[in-house]
Structure formats: structure tokens, C-alpha cells
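Examination of the molecular architecture
Here's the letter readout for the chains.
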Amino acid sequence: MSTRRASSRQAASASRVNEQQITDLLARLQQILPEIHSRCRRPSDKVSASRVLQETCSYIRSLQREVGDLSDRLSCLLTTNDVESDEAAVIRSLLMRD
């Protein structure tokens, strides 16, 4: 029974994320988020974890809106009959890429 508890504790501690990992992940997010990255000129500039997570959510929502808008535009372009237009050529070239 104690062996089972010990292995259970080991598995639980292995799946936990430690503070350093959280700090590293927040630093990575801070580097890729345009809003925060532009505000923090030096690596010593600190932004709260809460702010980084809020900006991450906001950025993801804006990307989702952008994808939706692009999808709508693509649908409109695909429904037009002008298959020889410049836009149709761009779409064909993008769709042919790997």
C-alpha cells in the first residue's frame, strides 16, 4: 500500500509545473505578444503574470476574429464568378502551397 502511495505522489509531482517553468512560460509569452513586447524595451522590464495572461487571451481573441474575417473574405471571393481576377490567382497560388 505504501508503494502505491509513493508512486502516486511521484506521478502527481511529476505532472506539476514548478515556479521556474511558469516564469519561463510567462517570459516566452511576453516575448511573442505584440502589445507587451512593444512596451518592454529591456529584459529587466517586468509585467505581472496576470497582465501577460490577460494580453494572451486578448491576442488569441483578436487572432480568432482575424481568421473569421479572412474566412469570410475567402468565401466571398470563392463565390464570385471572376476566376481570372488577380485575387483568384492569389487564392489559387496559396491553395497550391504545401
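These remarks concern the structure in this document. In this text, all values refer to a predicted model and were calculated from it rather than measured experimentally.

Below, the discussion takes up the pattern of salt bridges. In this structure the tally under the stated criterion is one salt bridge. Here arginine 51 makes a salt bridge to glutamate 55, at a shortest N to O gap of 2.6 Å. Residue arginine 51 and its partner glutamate 55 are located together in helix 4 (residues 49–79), separated by four residues, close to a single helical turn. Residue classification places arginine 51 among the partly exposed positions, given a relative accessible area of 30%.

With that out of the way, let us pick up a negative patch on the surface. Residues Asp82, Glu84, Asp86 and Glu87 make up a contiguous surface patch of negative charge. Secondary-structure assignment places glutamate 84 in the loop between helix 4 and helix 5 (86–96).

Rules used in this analysis
- Residues numbered from 1 in each chain as written.
- Predicted model: local features only at pLDDT ≥ 70, side-chain atom pairs only at ≥ 80, totals over all residues.
- Heavy atoms only, no water.
- Salt bridge = Lys/Arg side-chain N within 4 Å of Asp/Glu carboxyl O.
- Helix = DSSP H or I, 4+ residues; strand = E, 2+ residues; numbered from the N terminus.
- Buried < 20%, exposed > 50% of the residue type's maximum accessible area, 1.4 Å probe, protein only.
- Patch = residues over 30% accessible without salt bridge, like charges linked within 9 Å, V, L, I, M, F, W, Y side chains within 5 Å.
- Areas by Shrake-Rupley, 256 points an atom, 1.4 Å probe, with all protein chains shown as cover.
- Lys, Arg positive; Asp, Glu negative; His and termini not counted.
- Charge placed at Lys NZ, Arg CZ, Asp CG, Glu CD.

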